Amino acid sequence: MRLKTIILSIYLFATFISSAQQKKTRDEIDGFKWIEITDGRLRGAENINGQILIPPEFNLVVYHSNDSYFRASLNGNVAVFEPDGKCVIAIDRDYSDVYKHRTRAGDVYYTVFRTSGTKQSAGLCDKLGKEIISPAAGYDNIVRQEADGKIWYSVSRDNLVGACDSEGKELIKPQYKSLTYYNGTFHYLNGTDWINLDLSLPTGKPE
């Protein structure tokens, strides 16, 4: 009887330790608190009230306090969740990497990447996760620009740059070493001179 009691005590202690190891409280520098939960080798997240934010279906869950969002990865793909658990970019979008950006004015957007073989192509999503520029366009990188109160995107391929408008429509194929927008038109760099392309961004309110 005494042996059974000892065995039961050991089992209960091991169960308690295992349960404690499955939940790790995180106290982030932006003040957000959450708890990592696990199901075997899979990970998720819940808030300090026990509400599940991200189901334990991922290989890794990381909270980025600089921009206040979760990145969850599974088998080489990445999903994005808000601190309240809202999924902004789902794992089935097949993005191999995602980065959140916040402008000085507070606008939010995401650069996304998709990998095929050794080739990684960039895309861009708005703050709601809507794809503005697809990685299928084959750009190496995308940088958000603003000039004359308008938003446009500098897109590059093979070290040459082009431009897309705020809706992701390609205006200039990547063909210049440097490209800028001022005085209501695009200019490309030729030696030390900026050459006017006589091409303007569409009119309309910036996003």
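Quick caveat, the model's predicted, so the values are computed rather than measured.

Draft legend 1. Geometry of the overall build of the chain. Looking only at helices and strands, one finds one helix and 19 strands in the chain. Across the 207 residues of the chain, 38% fall into the buried class. Pairs at least 24 apart in sequence give 22% of the contacts found in the chain among residues at least 6 apart. For the chain, the computed accessible surface area is about 12600 Å², with 50% contributed by carbon and sulfur atoms.

Draft legend 2. The arrangement of the pattern of salt bridges in detail. Evaluated as defined, the whole model comprises seven salt bridges. A salt bridge links E36 to R43; the shortest N-O distance between them is 3.5 Å. Classification of E36 as buried rests on a relative accessible area of 5%. Look at R43 and you get partly exposed, because its relative accessible area is 28%. Close ionic contact of K119 with D140 constitutes a salt bridge, the shortest N to O distance being 2.5 Å. On the criterion of sequence distance, the pair formed by K119 in strand β11 (residues 119-126) and D140 in the loop between β12 (131-133) and β13 (141-147) is long-range, its members being 21 residues apart. By relative accessible area, which is 35% here, K119 ends up partly exposed. Here D140 falls in the partly exposed class, since its relative accessible area comes to 28%. Connected through salt bridges with shared partners, the residues R26, E36 and R43 form a single ionic network.

Draft legend 3. Expanded view of the side chain of D67. Positionally, D67 belongs in the loop between β5 (60-64) and β6 (69-74). This buried residue, D67, is left without a salt bridge; R102 holds the nearest opposite charge, at 4.2 Å. Beyond its immediate stretch of four places on either side in the chain, D67 contacts K100 and R102.

Draft legend 4. View of a nonpolar patch on the surface. On the surface, Y182, L189 and W194 cluster together into a nonpolar patch covering about 250 Å² of accessible area. Along the chain, L189 turns up in strand β18 (residues 185-190).

Draft legend 5. Region of the structure containing the sheet that holds strand β9 (residues 97-102). Spatially, β9-β10-β11-β12 is the arrangement adopted by the four strands of the open sheet, whose pairing is antiparallel. Because the sheet does not close on itself, it has two edges, and the strands there are β9 and β12. Neighbour-to-neighbour, the strand axes of this sheet turn through a mean angle of 35 degrees, independent of strand direction. Two elements, β11 and β12, share two bridges in a ladder whose sense is antiparallel.

Reading the values: rules and limits
Residues numbered from 1 in each chain as written. Predicted model: local features only at pLDDT ≥ 70, side-chain atom pairs only at ≥ 80, totals over all residues. Heavy atoms only, no water. Helix = DSSP H or I, 4+ residues; strand = E, 2+ residues; numbered from the N terminus. Buried < 20%, exposed > 50% of the residue type's maximum accessible area, 1.4 Å probe, protein only. Contact = heavy atoms within 4.5 Å. Areas by Shrake-Rupley, 256 points an atom, 1.4 Å probe, with all protein chains shown as cover. Salt bridge = Lys/Arg side-chain N within 4 Å of Asp/Glu carboxyl O. Lys, Arg positive; Asp, Glu negative; His and termini not counted. Patch = residues over 30% accessible without salt bridge, like charges linked within 9 Å, V, L, I, M, F, W, Y side chains within 5 Å. Pairing = 2+ DSSP bridges. Axes fitted to C-alpha atoms, helices over the stretch in contact; angles between N-to-C directions.

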